[in-house]
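Read off the chains here:
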Amino acid sequence: VQLQACGGGLAQAGGSLRLSCAASGRPSSSYYMAWIRRAPGREREVVASISRSGANSFYVDSVKDRFTISKDNAKNTMYLQMNSLKPEDTAVYYCAAARELLRSTWYLTDQYAYWGQGTQVTVSS
């Protein structure tokens with residue numbers, strides 16, 4: 001599967017951005033998918049993960065109630081709606097996918113074998 005992320009940009013604190021990730025080559029319904037970010041000087045972090053069907057999702061505590069991950073398998077596209085953005089959300093955001101994923105390991109970056117290119121999100125204070 002090939003993954004193409006877009007939608008990053010510059011936002012003010014408190015603002016919103018929506019990221020999209022288009023999957024090609026194989027249907028997105030075959031994959032668990034996730035948004036992973038890397039902030040300057042920090043380790044990569046799985047921000048949110050979603051099941052193959054899109055029925056189940058998981059979030060890192062720092063984005064709960066602010067970010068929403070979703071998936072439209074008919075369009076082979078995953079989304080990340082980011083609201084109430086904070087300067088600490090500034091990072092390169094990557095979309096990633098895995099054929100198999102344990103519920104207990106959704107937050108581990110090395111569980112995702114397929115990665116797209118990153119899109120920069122910058123939040124100004």
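Colleague: Tell me what's going on with the state of the cysteines, and back it up with residues and numbers.
Modeller: One pass over the structure, following the stated rule, counts one disulfide. A sulfur-sulfur separation of 2.3 Å characterises the disulfide bridge that pairs C21 with C95. Of note, the bridge from C21 to C95 carries an S-S torsion of about 65° and is right-handed in sense. Highlighted residues: C21 in strand β3 (residues 17-24) and C95 in strand β9 (residues 91-98), separated in sequence by 74 residues. Judged by relative accessible area, which is 0%, C21 ranks as buried.

Colleague: An account of the packing of aromatic side chains is requested, with residue identities and associated values reported.
Modeller: Enumeration over the complete set of coordinates arrives at four aromatic pairs. Plain terms: the ring middles of Y31 and Y114 are 5.6 Å apart, the flat faces sit at 80° to each other, and that makes the pair edge-to-face. Here the residue Y31 occupies a position in the loop between β3 and β4 (32-38), and Y114 occupies one in strand β10 (residues 114-115), the gap between them amounting to 83 residues. For Y31, a relative accessible area of 1% gives the class buried. A relative accessible area of 30% means that Y114 is categorised as partly exposed. The interplanar angle of 80° and the centroid separation of 6.0 Å between the aromatic rings of W106 and Y107 together place this pair among those described as edge-to-face. By the ring-pair criterion, three or more aromatic residues cluster together here, those being F58, W106 and Y107. Positioned over the ring face of Y31 is R99, at 5.3 Å from the centre of the ring.

Colleague: Explain the side chain of T119 residue by residue, including any values.
Modeller: Relative to the helices and strands, T119 resides in strand β11 (residues 119-124). One polar contact links the side chain of T119 to the main-chain amide nitrogen of G8, over a distance of 3.1 Å. Those residues in contact with T119 that lie beyond four places of it in its chain are A5, C6, G7, G8, L19, A91, V92 and Y93.

Conventions used here
- Residues numbered from 1 in each chain as written.
- Predicted model: local features only at pLDDT ≥ 70, side-chain atom pairs only at ≥ 80, totals over all residues.
- Heavy atoms only, no water.
- Disulfide = S-S within 2.5 Å.
- Helix = DSSP H or I, 4+ residues; strand = E, 2+ residues; numbered from the N terminus.
- Buried < 20%, exposed > 50% of the residue type's maximum accessible area, 1.4 Å probe, protein only.
- Phe/Tyr/Trp six-rings, centres within 6.5 Å; stacked < 30°, edge-to-face > 60°.
- Lys NZ or Arg CZ within 6 Å of the ring centre and 35° of its normal.
- Polar contact = N/O pair within 3.5 Å; in protein donor to acceptor, adjacent residues only side chain to side chain.
- Contact = heavy atoms within 4.5 Å.

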